[in-house]
Amino acid sequence: MNVKIEESWKNILKDEFEKPYFKLLTQFIRKEYSSQQIYPPAKLIFNAFDQCPFDQVKAVIIGQDPYHNPGQANGLCFSVNDDVRVPPSLINIYKEIKDDLDKNIPESGNLERWSKQGVLLLNATLTVRAHQAGSHQGKGWEQFTDTVIDKLSNKRENLVFILWGSFAQRKGENIDANRHLILKSPHPSPLSAHRGFFGNQHFSRSNDYLIRHGREPIDW
């Protein structure tokens, strides 16, 4: 199956694209886009991969679903387009970066600049129906993104996996902690950020680890 995705990922995941579950997923997604309002726009489904080739990944942040309101989702977890109001969880992420690294809070919620530095902003499910959170869960995306995490865990070394909240932590259960740094805390949502997300220092800890392993730190 010819999937439009960045070439290094296409090579790493080529066997996955031929599996029965992925073919069923593709049929489902095509039907949904032809009959429903689906986010992100079809050309941005694999944006996280297109912006961040496999061999350039330094860190992985795992989210759950794309945003499901108009104009928000751009294929990168926690990220929104430049002209969209910054969502509450991302506001809290920015607050932690300010406290951790003493950086000014950006006006834009577009995290493409992180992707281009090697941060894979990976949602577990890559598509969603408008106004229906979780509507594309259980259709095959989770198996696909589990494979992505496994490939990174097994074929790369010294990556940082950032797991916020119980969902991301379950998703990352099989990451090899001997090869990678795994950072865990509560989710940055306003419902849970005060239970340990604030003060987790994940951004400075990520950069310290990358520097120790001879890699450029990320300009968060």
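For every chain, the first residue of its written sequence is number 1, and the numbers climb from 1 along that sequence. Residues qualify for local features only when their pLDDT is at least 70, as the model is predicted, and side-chain atom pairs are given and counted only at 80 or more; totals for whole chains, interfaces and linings, by contrast, use all residues. The basis for every side-chain value is the complete set of non-hydrogen atoms in the structure, without hydrogens or water.

**Describing the pattern of salt bridges**
Phase 1 of the analysis: We define a salt bridge as a contact between a side-chain nitrogen of Lys or Arg and a carboxyl oxygen of Asp or Glu at a distance within 4 Å. Taken as a whole and judged by the stated rule, the model has six salt bridges.
Phase 2 of the analysis: As a salt-bridge pair, E32 and R129 come within 2.7 Å of each other at their nearest N and O atoms. A residue pair is termed long-range when its members are at least 10 positions apart, and E32 in helix α2 (residues 20-35) and R129 in strand β4 (residues 128-129) qualify at 97 residues.
Phase 3 of the analysis: Taking the shortest distance from any N to any O, the salt bridge between D146 and K171 comes out at 2.8 Å. Of this pair, D146 sits in helix α6 (residues 141-155) while K171 is found in helix α7 (residues 165-171), placing the two residues 25 residues apart along the sequence.
Phase 4 of the analysis: Note on exposure labels: buried denotes an accessible area under 20% of the residue type's maximum, exposed denotes more than 50%, and partly exposed covers the range between, all computed with a 1.4 Å probe on protein chains only. Assessed through its relative accessible area of 32%, D146 is described here as partly exposed. Helix and strand assignments follow DSSP, with helices taken as H or I runs no shorter than four residues and strands as E runs no shorter than two, numbered in order from the N terminus.

**Focus on the nonpolar core**
Phase 1 of the analysis: Only buried Ala, Val, Leu, Ile, Met, Phe, Trp, Tyr and Cys residues count toward a nonpolar core, and they belong to the same one when joined by side-chain atoms within 4.5 Å. In this structure, F49, W114, L120 and F144 are the most contacted members of the largest nonpolar core, which totals 65 residues.
Phase 2 of the analysis: Here, residues are in contact when the closest pair of their heavy atoms is within 4.5 Å. When near neighbours in sequence (up to four residues on either side) are disregarded, W114 contacts I61, I93, Y94, I97, V119, L121, F203, D219 and W220.

**Here's the deal with helix α8 (residues 202-212)**
The α-helix winds at 3.6 residues per turn, so residues separated by three or four positions along the chain end up facing the same way.
Phase 1 of the analysis: Taken as a whole, α8 has its buried residues at H202, F203, S204, S206, N207, Y209 and L210.
Phase 2 of the analysis: Packing partners of the buried residues in α8 comprise α4 (88-101), α5 (112-115), β5 (160-164) and β6 (181-185).
Phase 3 of the analysis: A positive phi of about 75 degrees marks G214, the residue just after α8.

**Here's the deal with the pairing of β6**
Phase 1 of the analysis: Only one face of β6 is covered, namely the one carrying L181, L183 and S185; the face carrying I182 and K184 has none of its residues buried.
Phase 2 of the analysis: Examined bridge by bridge, β5 and β6 share five bridges and lie parallel to one another. The partner of W164 across the bridge, within β6, is S185.
Phase 3 of the analysis: A crossover links β5 with its parallel partner β6, the connecting element being α7, and its sense is right-handed. Strands qualify as paired when DSSP identifies two bridges or more between them. The crossover handedness rule: strands pointing away from the viewer, path from first strand over the helix to second strand clockwise, crossover right-handed.

**Notes on the side chain of T145**
Phase 1 of the analysis: Structurally, T145 is set in helix α6.
Phase 2 of the analysis: Of the residues examined, T145 reaches a relative accessible area of 0% and is grouped as buried.
Phase 3 of the analysis: Polar contact is the term for a pair of N or O atoms within 3.5 Å; when the atoms are in protein, one must be able to donate a hydrogen and the other to accept it, and sequence-neighboring residues count only if both atoms are side-chain atoms. Polar side-chain contacts of T145 include one of 2.7 Å to the side chain of K171.
Phase 4 of the analysis: Non-local contacts of T145, meaning those with residues more than four positions away in its chain, are made with L122, N123, A124, L126 and K171.

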